[in-house]
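Single-letter residue listing:
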Amino acid sequence: MKKTVFASDFLESFRNEGPPKLKTVIDPEGDPSLHWLNRHEDRGRIANERFLGTFTRRAIRLFDVVFSALALIALSPLFLLLAIVIKIESPGPVIYKQVRTGLNLRTGSRRRSDNISVMSERRGPDRRKGGAPGRPFEIYKFRSMVSDAEKNGIQLAKKNDARITRLGKFMRRTRLDELPQFWNVLMGHMSIVGPRPERPEIIAYLEEQIPGYKERLGVKPGITGLAQIRNGYDTDLEHIRRKISLDRYYIQKCSLANDLKIILRTIRVVGKGEGAM
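Now for a quick tour of the structure. This structure is a prediction, so every number in the text was calculated from the model and none was measured.

Some words on the packing of helix α2 (residues 54-74) against helix α3 (residues 76-89)
It is at 4 Å that the axes of α2 and α3 come closest, and there the two elements cross at 55°. With respect to each other, α2 and α3 are oriented oblique. On the side of α2, the interface is formed by Leu72, Ile73 and Ala74, while α3 contributes Ser76, Pro77 and Phe79. Taken together, the residues that form the contact of α2 with α3 break down as five nonpolar, one polar and no charged.

Notes on the pattern of salt bridges
All told, the structure shown has eight salt bridges when counted by the stated rule. Here aspartate 31 makes a salt bridge to arginine 230, at a shortest N to O gap of 3.3 Å. In this pair, aspartate 31 sits in the loop between α1 (8-12) and α2 while arginine 230 sits in helix α8 (residues 226-231), placing the two residues 199 residues apart along the sequence. On the basis of relative accessibility, which here comes to 37%, the residue arginine 230 falls in the partly exposed class. Residues joined by salt bridges that share partners form a network here, namely Lys141, Asp177, Glu178 and Arg196.

Some details on the nonpolar core
Phe142, Ile192, Leu226 and Tyr250 are the most contacted members of the largest nonpolar core, which totals 38 residues. For leucine 226, the contacting residues outside a window of four places in its chain are Leu34, Trp36, Leu37, Leu246, Tyr249, Tyr250 and Ile262. One finds Ile154, Tyr213, Leu237 and Ile244 within the second-largest nonpolar core, a separate group that totals 11 residues.

Notes on a nonpolar patch on the surface
Taken together, the side chains of Leu80, Leu81, Ile84, Val85 and Ile88 present a nonpolar region at the surface, about 490 Å² in accessible area. Tracing the backbone shows leucine 81 in helix α3.

Things to note about the environment of arginine 241
Mapped onto the elements of the fold, arginine 241 is located in helix α9 (residues 237-252). Along the chain, arginine 241 and tyrosine 213 lie 28 residues apart, while their C-alpha atoms are 8.6 Å from each other.

Brief notes about α3
Its 14 residues give α3 an end-to-end C-alpha distance of 20 Å, which sits within 8% of 20 Å, the value for a rise of 1.5 Å per residue. Every buried residue of α3 is listed here: Phe79, Leu82 and Ile86. The arc that holds the buried residues of α3, viewed along the axis, is 70°, so those residues lie on one side. Opposite its buried face, α3 presents the exposed residues Pro77, Leu80, Lys87 and Ile88, each directed more than 90 degrees away. Buried positions along α3 lie against α2, β2 (136-142) and α5 (166-174).

Looking at the packing of aromatic side chains
A complete count under the given rule lists three aromatic pairs for this structure. For the ring pair phenylalanine 79 and phenylalanine 142, a centre distance of 5.4 Å and an interplane angle of 85° mean the geometry is edge-to-face. Within this pair, whereas phenylalanine 79 is found in helix α3, its partner phenylalanine 142 is found in strand β2, the two being separated by 63 residues in sequence. Residue class for phenylalanine 142 comes out buried when judged on its relative accessible area of 3%. Here the aromatic residues Phe63, Phe67 and Phe182 are joined through ring pairs into a cluster of three or more. Here arginine 265 stacks its cationic end above the ring of tryptophan 36, 3.9 Å away from the centre of that ring.

Parameters at a glance
- Residues numbered from 1 in each chain as written.
- Predicted model: local features only at pLDDT ≥ 70, side-chain atom pairs only at ≥ 80, totals over all residues.
- Heavy atoms only, no water.
- Axes fitted to C-alpha atoms, helices over the stretch in contact; angles between N-to-C directions.
- Helix = DSSP H or I, 4+ residues; strand = E, 2+ residues; numbered from the N terminus.
- Parallel < 35°, antiparallel > 145°, perpendicular 65-115°, else oblique.
- Contact = heavy atoms within 4.5 Å.
- Nonpolar A, V, L, I, M, F, W, Y, C, P; charged D, E, K, R; others polar.
- Salt bridge = Lys/Arg side-chain N within 4 Å of Asp/Glu carboxyl O.
- Buried < 20%, exposed > 50% of the residue type's maximum accessible area, 1.4 Å probe, protein only.
- Core = buried A, V, L, I, M, F, W, Y, C linked by side-chain atoms within 4.5 Å.
- Patch = residues over 30% accessible without salt bridge, like charges linked within 9 Å, V, L, I, M, F, W, Y side chains within 5 Å.
- Areas by Shrake-Rupley, 256 points an atom, 1.4 Å probe, with all protein chains shown as cover.
- Expected span 1.5 Å × (residues − 1).
- Arc of directions from axis to C-beta.
- Phe/Tyr/Trp six-rings, centres within 6.5 Å; stacked < 30°, edge-to-face > 60°.
- Lys NZ or Arg CZ within 6 Å of the ring centre and 35° of its normal.

What follows is the structure, given as structure tokens:
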């Protein structure tokens, strides 16, 4: 198995921090700025999407399919233009592909990692690897960095990151680099709204650092989401802690009505260039 190499500036955020207490980071229930979300206080605890009602699950999936299909058709000229400019500006592929972790429907720890490893070899590359929770899938984005951006190991993007191309800065500010993920939505790997998908190796690392991290995998990951519009890109451990609290809160309030509200606020965030890097 290939060893995961983390760049020093990625690891620096986690050193000497100790295990954080999420409730000291953010309390979404008591946050008056989130009053616009439908509360759904009559629900029990939502461990994952199986605990949502049948109507809610089907309504969200129908919306995802229709919205993503229309978006892919309507935005195809823009896709072609961005592909040409990306290719002209820097060498490398137009589309950046990377393995991310999706929906996790396991609520316990009945299966050990060694058993999961054996099963993944039998079932193929689209199954869980190395005991990490969730279903691995290949995410698609327009490449916004130089092609060898992680030659020194995994690292978070930072402000004025030299690895980001000129066009990449514009695409990240306007979120245009995320548009190919509509194909992931159409294929059922993602939803329009949900927690940001993360890499399996980073999830395995953060699970040890932050209690409850994998709870954010209870619904499909999304192109946008509550944490994305409130928290922006991950830059350090504090951002990740806040993201987890917001993701867990979103799962408890998950509904098509709330998804539509988040999409409308995403348009405003993109228009203002908030959280860009």
